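# Coordinate inspection notes
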Amino acid sequence: SAVISQKPSRDICQRGTSLTIQCQVDSQVTMMFWYRQQPGQSLTLIATANQGSEATYESGFVIDKFPISRPNLTFSTLTVSNMSPEDSSIYLCSVEGASGRRDYEQYFGPGTRLTVT
Amino acid sequence: AQTVTQSQPEMSVQEAETVTLSCTYDTSESDYYLFWYKQPPSRQMILVIRQEAYKQQNATENRFSVNFQKAAKSFSLKISDSQLGDAAMYFCAYRSAGAAGNKLTFGGGTRVLVKP
């Protein structure tokens, strides 16, 4: 099964700055996703990271604020741009289509806890 | 759009006892998947159990089982012989079938407390 890692695991950032979060999988996967979990809340999908093309964003999320890259089948980045305290959340990467797993199941990375001051 | 509702913000259970978490969903689709995820304080989301909507038989994974009622759009999770390690947030999630890359829609979560 796929092992998913995220960097950094946590960070404290100043408002107005940007942070790039990395998601690395140890094997090729079909799909990669980015979710946000605001404090005490459930998970909301930000976007689907498409390999070699622009990400597909959910309503309420825009590329200028959350640019995403996926250069290959094992790696993706999410940037949180021009941060404000409202961006303080846990950001989770998930994958679908991992070898040895049902192709409709999503598995999650450990998450990145972001605090914006 | 699909919605998922977990009506119990928090449930408490004695160690070795059984607890049942409720989940209802709203969809017009006939083919889909349902999941329960566990999120301990470490925040890693762990897939506990899945159910394919086309299967009538309820899924089981060791001490975890579901009661899937398709007509009622209900998908409850039963944790038997509760252990201290079961303490976590539990999220119910829905995924449309068909194309790859369909998103998960999550419920609001239920916190499970296990008393020794």
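The preceding data block contains the structure.
The structure presented is a predicted model; accordingly, all values stated were derived computationally and were not measured.

### Section: the packing of aromatic side chains
Enumeration over the complete set of coordinates arrives at 16 aromatic pairs over all chains. With centroids separated by 3.7 Å and ring planes inclined at 0°, the aromatic side chains of Tyr104(A) and Tyr33(B) adopt a geometry described as stacked. Of the two residues, Tyr104(A) is situated in the loop between strand E9 (89-96) and strand E10 (106-108) and Tyr33(B) in strand E5 (residues 32-39); the pairing between them involves two chains. For the pair Tyr25(B) and Tyr32(B), a centre-to-centre distance of 5.4 Å together with 65° between the ring planes defines the contact as edge-to-face. As far as the burial class goes, Tyr25(B) and Tyr32(B) line up, both buried. Ring pairing ties together the aromatic residues Phe33(A), Tyr35(A), Tyr104(A), Phe108(A), Tyr33(B), Phe35(B), Tyr37(B), Phe91(B) and Phe106(B), which thus form one cluster.

### Points about the interface of chain B and chain A
On the side of chain A, 27 residues touch chain B, which itself brings 21 residues to the contact. Interface area, chain B with chain A, both sides summed: about 1,900 Å², of which 52% is carbon and sulfur. Where chain B meets chain A, there are 4 salt bridges. Salt-bridge contacts for Glu58(A) lead to Lys103(B); the nearest nitrogen and oxygen are separated by 3.0 Å. If you look at where chain B meets chain A, you find 12 residue pairs in polar contact (both at pLDDT 80 or more). Going through the elements one at a time, E5, strand E6 (46-52), strand E10 (88-96) and strand E11 (104-106) of chain B are the ones with two or more residues in the side of chain B that touches chain A. For the side of chain B that touches chain A, the element with the most residues is E5(B), which contributes 4 residues. Across the side of chain B that touches chain A, the residue classes tally to 9 nonpolar, 7 polar and 5 charged.

Cut-offs used in this document
Residues numbered from 1 in each chain as written. Chains lettered and ligands numbered in written order. Predicted model: local features only at pLDDT ≥ 70, side-chain atom pairs only at ≥ 80, totals over all residues. Heavy atoms only, no water. Phe/Tyr/Trp six-rings, centres within 6.5 Å; stacked < 30°, edge-to-face > 60°. Helix = DSSP H or I, 4+ residues; strand = E, 2+ residues; numbered from the N terminus. Buried < 20%, exposed > 50% of the residue type's maximum accessible area, 1.4 Å probe, protein only. Contact = heavy atoms within 4.5 Å. Buried area = accessible area lost by both parts, 1.4 Å probe. Salt bridge = Lys/Arg side-chain N within 4 Å of Asp/Glu carboxyl O. Polar contact = N/O pair within 3.5 Å; in protein donor to acceptor, adjacent residues only side chain to side chain. Nonpolar A, V, L, I, M, F, W, Y, C, P; charged D, E, K, R; others polar.

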